[in-house]
Amino acid sequence: MKCKRCGGKAEVKLRQHNSAFCRACFVYFFQRQVQRAVEHEHMFTTEEEVLVAVSGGKDSLALWDALIALGYRTAGVHLALGIGAYSRTSTEKTEAFARSRDLRLITVHLDDEGVAIPTIAAFTRRPACAACGTSKRHHFDRIAFEHGFAVLATGHNLDDEAARLLGNVLRWQVAHLAKQHPVLASTHERFARKVKPLFRISEYETAVYAFFRRIDYIVDECPNSAGASQLIYKDVLNRLEAAMPGTKLSFVQEFLRSGQPAFAGETNRAPQSCERCGMPAFGAVCSYCSLVREVETKQARRMAARPASASS
Ligand code: AMP
Ligand code: ZN
């Protein structure tokens, strides 16, 4: 098998692109794909400083690495979610990456500056993953606003986007389909533009890139994600992809070209400001504050129900 670019010995085969690359040419190809996504979708320019959401997993670290190599101005943001050993390792990997390259990283511990995910899960009936998503979105916007970043990049890859699309289509979630796009423009002064430069790059490709670039990342999945519907959708899509290479890419790409514009006009309601925290909200309070309120109320009720001897 020969490298498509230089004719040397290929080390990685990409069936969906019908090509193969040697190590150096794959790294070049990967970075060019990131650059093309950024430029083609008008995600940001070389003048803007981008806040990269880094979890310590392969996708977000590969994204940060590629953006730096391409000469973009970046800083990282990491949320220490408080999910036991999993979160501790994620934070360690992220901090080690930033330290080794002398990068600016903002780490926020939700135990100190919010509510840790296990507390939310214990006091509300919402699925942990949904509560975690609401919490992450809130803190990303808050931190971007407080530190003056207009754009936030996440490491969502093609597999994530295809799984999300499948979930949205299976339930015909029109409002979600309207918002599924690699670039979400800001609709509120405290709502950073959200971009996904890896939306056309598969999880397999980011794993290969991380390996070739010797990026040390957390391999374990979040313990809360076991049984999550996203994983079932990914499994189904992987089976389709094995039988028909290129399925994931055309599913997402054709949706963006033909389907998404039809939904986009449907729900373009601009948010108001949350009366509790000032962040974007579609009701009087934002979804994060209503989550925190629920936790606080139930925590207080539990404290009040305790026998007096338990608190002494
Ligand atoms: P996930 O929702 O876990 O698949 O993550 C999707 C993207 O969200 C990652 O690629 C990161 O860019 C970002 N992200 C997830 N978890 C964190 C975290 N704890 N801190 C910072 N960014 C995160
Ligand atoms: Zn709020």
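Here, the structure is the one placed above.
Peer 1: I'd like a description of the overall build of the chain, backed by residues and values.
Peer 2: Broken down by element type, the chain carries 13 helices and ten strands. C-alpha atoms of the chain, sized along the principal axes, occupy 75 × 45 × 40 Å. Counting all 312 residues of the chain, 47% fall into the buried class. By sequence separation, contacts in the chain at least 24 residues apart represent 71% of the contacts at least 6 residues apart. Surface accessibility of the chain: about 16,000 Å² in total, with carbon and sulfur atoms responsible for 52%. Both charge centroids of the chain, one from 42 positive and one from 32 negative side chains, sit 4 Å from each other.

Peer 1: Account for the side chain of Asp159, with residues named and values stated.
Peer 2: Note that Asp159 resides in helix H7 (residues 158–170). For Asp159, a relative accessible area of 7% corresponds to the buried category. Ignoring sequence-local partners within four residues, the contact set of Asp159 consists of Ser202, Glu203, Lys234, Asn238 and Lys248.

Peer 1: Tell me about the sheet that holds strand S6 (residues 151–153), and name the residues and values.
Peer 2: The six strands lie next to each other as S5-S4-S3-S6-S8-S7, forming an open sheet whose pairing is mixed. Each end of this open sheet is capped by a strand with a single partner; those strands are strand S5 (105–109) and strand S7 (183–184). In the sheet, S6 pairs with strand S8 (residues 193–195) via three bridges, with the strands oriented parallel. When the sheet's bridge partners are listed, Leu152 is paired in S8 with Lys194. Together, strand S4 (73–80) and S5 form the strand contacts of helix H3 (residues 84–101), whose direction differs from that of S5 by roughly 160 degrees.

Peer 1: Got a sec to walk through the side chain of Lys194? Specific residues and values, please.
Peer 2: With respect to the helices, strands and loops of the structure, Lys194 is situated in strand S8. Residue classification places Lys194 among the buried residues on the basis of a relative accessible area of 16%. Here Ala192 takes part through its backbone oxygen, which lies 2.8 Å from a polar atom of the side chain of Lys194. Contact partners of Lys194, with chain neighbours within four places excluded, come to Asp141, Leu152, Pro182, Val183 and Leu184.

Peer 1: Run through the coordination of the zinc ion (ligand 2), naming residues and quoting values.
Peer 2: Around the zinc ion (ligand 2), the protein contributes the donor atoms Cys274 (SG), Cys277 (SG), Cys286 (SG) and Cys289 (SG), which lie 2.2 to 2.4 Å from the metal centre. Viewed at the metal, the four donor atoms of the zinc ion (ligand 2) are separated by angles of 106 to 114 degrees, and the geometry they form is tetrahedral. Within one chain, the residues donating to the zinc ion (ligand 2) are spaced in sequence as C-x2-C-x8-C-x2-C. Residue classification places Cys289 among the buried residues on the basis of a relative accessible area of 4%.

Peer 1: Provide a residue-level description of the state of the cysteines, including the pertinent values.
Peer 2: The tally for this structure, following the rule as stated, stands at zero disulfides. The cysteine Cys22 is free of any disulfide, with Cys25 supplying the nearest cysteine sulfur at 3.7 Å.

Peer 1: Talk me through the packing of aromatic side chains; I want residue IDs and the actual numbers.
Peer 2: This model, assessed by the stated rule, comprises eight aromatic pairs. The interplanar angle of 25 degrees and the centroid separation of 4.6 Å between the aromatic rings of Phe21 and Phe29 together place this pair among those described as stacked. Given the relative accessible area of 5%, Phe21 is considered buried. Judged by relative accessible area, which is 17%, Phe29 ranks as buried. Ring plane angle 85 degrees and centroid distance 5.1 Å describe the contact between Phe44 and Tyr72, whose orientation is recorded as edge-to-face. Remark: Tyr72 occurs in the loop between helix H2 (58–69) and S4 and Phe44 occurs in the loop between helix H1 (23–40) and strand S3 (49–53); sequence separation between them is 28 residues. An aromatic cluster is defined as three or more aromatic residues linked by ring pairs; in this entry it consists of Phe21, Phe26, Phe29, Phe30, Tyr209, Phe211 and Phe212. The ring of Tyr28 is capped by Arg5, whose NZ or CZ atom sits 3.7 Å from the centre of that ring.

Peer 1: Please give an account of the pattern of salt bridges that cites residues and values.
Peer 2: Scanning the entire structure with this criterion turns up 18 salt bridges. With a shortest N-O distance of 2.9 Å, Asp65 and Arg213 are connected by a salt bridge. Of this pair, Asp65 sits in helix H2 while Arg213 is found in the loop between helix H9 (203–212) and helix H10 (229–243), placing the two residues 148 residues apart along the sequence. Judged by relative accessible area, which is 2%, Asp65 ranks as buried. When its relative accessible area of 31% is taken as the criterion, Arg213 is described as partly exposed.

Peer 1: Requested: an account of the packing of H7 against H10, with residues and values cited.
Peer 2: Closest axis-to-axis distance for the H7/H10 pair is 9 Å, and the angle between their directions is 105 degrees. On the basis of their axis angle, the class for H7 and H10 is roughly perpendicular. Residues Asp159, Asp160, Ala162, Ala163, Arg164, Leu166, Gly167 and Leu170 of H7 touch H10, and the partners they reach there are Gln230, Tyr233, Lys234, Leu237 and Asn238. Looking at the contact of H7 with H10, its residues break down into six nonpolar, three polar and four charged.

Peer 1: Any details on H3? Residues and values, ideally.
Peer 2: It helps to recall that an α-helix has 3.6 residues per turn; residues three or four apart then point in one direction. Over its 18 residues, H3 extends 27 Å from the first C-alpha to the last, a length consistent with the 26 Å expected when each residue adds 1.5 Å. Turning to H3, its buried residues number three or more, namely Ser87, Ser90, Thr91, Thr94, Phe97 and Ala98. Take H3 and look down its axis: the buried residues cluster within an arc of 130 degrees, on one side only. Residues of H3 that are exposed and point over 90 degrees away from its buried face: Arg88, Glu92, Arg99 and Ser100.

Each value, and the rule that gives it
- Residues numbered from 1 in each chain as written.
- Chains lettered and ligands numbered in written order.
- Predicted model: local features only at pLDDT ≥ 70, side-chain atom pairs only at ≥ 80, totals over all residues.
- Heavy atoms only, no water.
- Helix = DSSP H or I, 4+ residues; strand = E, 2+ residues; numbered from the N terminus.
- Buried < 20%, exposed > 50% of the residue type's maximum accessible area, 1.4 Å probe, protein only.
- Contact = heavy atoms within 4.5 Å.
- Areas by Shrake-Rupley, 256 points an atom, 1.4 Å probe, with all protein chains shown as cover.
- Lys, Arg positive; Asp, Glu negative; His and termini not counted.
- Charge placed at Lys NZ, Arg CZ, Asp CG, Glu CD.
- Pairing = 2+ DSSP bridges.
- Axes fitted to C-alpha atoms, helices over the stretch in contact; angles between N-to-C directions.
- Polar contact = N/O pair within 3.5 Å; in protein donor to acceptor, adjacent residues only side chain to side chain.
- Donors = N, O, S within 2.8 Å, 3.2 Å for Na, K, Ca; no water.
- Tetrahedral: all angles 85-135°; square planar, octahedral: opposite > 155°, others 65-115°.
- Disulfide = S-S within 2.5 Å.
- Phe/Tyr/Trp six-rings, centres within 6.5 Å; stacked < 30°, edge-to-face > 60°.
- Lys NZ or Arg CZ within 6 Å of the ring centre and 35° of its normal.
- Salt bridge = Lys/Arg side-chain N within 4 Å of Asp/Glu carboxyl O.
- Parallel < 35°, antiparallel > 145°, perpendicular 65-115°, else oblique.
- Nonpolar A, V, L, I, M, F, W, Y, C, P; charged D, E, K, R; others polar.
- Expected span 1.5 Å × (residues − 1).
- Arc of directions from axis to C-beta.

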